Amino acid sequence: MARVRLRYFATLREQLGEGDERTVRAGTTVGAVWERVLSDRPALRRLRVRFAVNETYVDCDRVLQDGDELAVFPPVSGGC
Amino acid sequence: MLGLLAGNPMYEITERPIDLGRVVAAVGDPEAGAVATFLGTTRRSNAGRSVTKLEYEAHVSMARREMRRLASRARRRWPIRKVAMVHRVGVVPLGEVSVAIAVSAPHRAEAFEACHWLIDRLKEVVPIWKKEHYRGGTVWIGAQSGGPPGARQDA
C-alpha cells in the first residue's frame, strides 16, 4: 500500500477542492488514481490535464510510491 | 544606482508587486557586459473579451523548481552568467507586471536570446495558471479542451 497526497490547481481546485490524502495499492499508476476521481466527476473528463509527482512532470503510467505528492492541473497559462 | 556586481540568482513567486530593481540586481555579475530583461504586463483585452482583472495561481514550490531548471537549461545553451525569474500571483491589476525575467551575459546577443527562450518556456512548463475576469464571467486560460492560442501544451 502507498499513501499518496493529491493536490489540485486552478479550475480543478475550484471543482474538487485543494486535494486529499488517499491510500492506494502498491503498483497503482497516476492514471488509475485520476480515473477513480473522474468516475465520480465525469464532467471533468473534457479537461486536458497534466500530472506532476513530487514536483516533476510525469506521464499517466508513472507508478506511485508511498509518500508521493501527485499534483493534477490544467495546461499551464502563466506569463502575460 | 543599481549595484550590478554581486547578484544572487532569483526564482520567485510573489503576491506583491514585482520590484524590477531587485530582479535586475539579482543578475549582477562582474563578467557581464549586458543585461536583457523581459516584463509581461496584464492586458485589457483578450480574445475579444474586455478583461476587468487577472488572477494567477501557482504550484509555488514546483514553479520555483521549474524556473531553476529552465535557468540551468539556458546556461547550458548560451554562455550567460545569471538568471532571475519572478512571477506574481493573486490578483494583478491591469497594466501591472505579472512576470519579469532578467539575464546577464558577457554580450547582448546571448542575453536577448536566452531571455526570449526563457519566457517562451516559462509559458509552457512553469505551473502557473491565469484566470481572466471579464464583464459577464471568468475563465481559466488553458483549461478549455483544445486550448486557446497562447496556452500551448507542448513542452
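Attention here is on the structure that accompanies the text. (Residues numbered from 1 in each chain as written. Chains lettered and ligands numbered in written order. Predicted model: local features only at pLDDT ≥ 70, side-chain atom pairs only at ≥ 80, totals over all residues.)

A few points about unusual backbone geometry
Residue and element names in this part refer to chain A.
So, point 1. Phi is positive for alanine 10, which is not a glycine, with a value near 55°.
So, point 2. Mapped onto the elements of the fold, alanine 10 is located in the loop between β1 (2–8) and α1 (11–16).
So, point 3. Backbone geometry at glutamate 55 places phi at a positive 70°, although glycine is not the residue there. (Helix = DSSP H or I, 4+ residues; strand = E, 2+ residues; numbered from the N terminus.)

Some remarks on the interface of chain A and chain B
So, point 1. The interface of chain A with chain B comprises 17 residues on the first partner and 31 residues on the second.
So, point 2. Taken together, the residues that form the side of chain A that touches chain B break down as 10 nonpolar, four polar and three charged. (Contact = placed C-beta atoms within 7 Å. Nonpolar A, V, L, I, M, F, W, Y, C, P; charged D, E, K, R; others polar.)

Section: the sheet that holds strand β7 (residues 97–105) of chain B
Residues and elements named next belong to chain B.
So, point 1. Spatial ordering of the open sheet is given by β1-β5-β7-β2, a layout of four strands whose pairing is mixed. Strands with a single pairing partner mark the edges of an open sheet, and in this sheet they are β1 (10–14) and β2 (34–41). Looking at each pair of strands side by side, their axes are set apart by 5° on average, direction ignored.
So, point 2. The strands touched by helix α3 (residues 108–125) are β2, β5 (82–88) and β7; relative to β7, the strand with the most contacts, the crossing angle is about 145°. (Pairing = 2+ DSSP bridges. Axes fitted to C-alpha atoms, helices over the stretch in contact; angles between N-to-C directions.)

So, the sheet that holds strand β4 (residues 56–58) of chain A
Across a sheet, paired strands are connected by hydrogen bonds in the backbone, their directions being either parallel or antiparallel.
Residues and elements named next belong to chain A.
So, point 1. Pairing is mixed in the open sheet, where five strands are placed in the order β2-β1-β5-β3-β4. The sheet is open, and its two borders are formed by β2 (19–24) and β4, each paired with just one other strand. Strand-to-strand twist across the sheet, computed as the mean angle between neighbouring axes with direction ignored, equals 30°.
So, point 2. Here four bridges tie β1 to strand β5 (residues 69–73), and the two strands are oriented parallel to one another. Of the residues in β5, the one forming a bridge with leucine 6 is leucine 70.
So, point 3. Sheet contacts for helix α2 (residues 30–40): β1, β2, β3 (50–53), β4 and β5; angle to β5, the most-contacted strand, approximately 60°.

So far we have only geometry, and geometry alone does not tell us how the molecule works.
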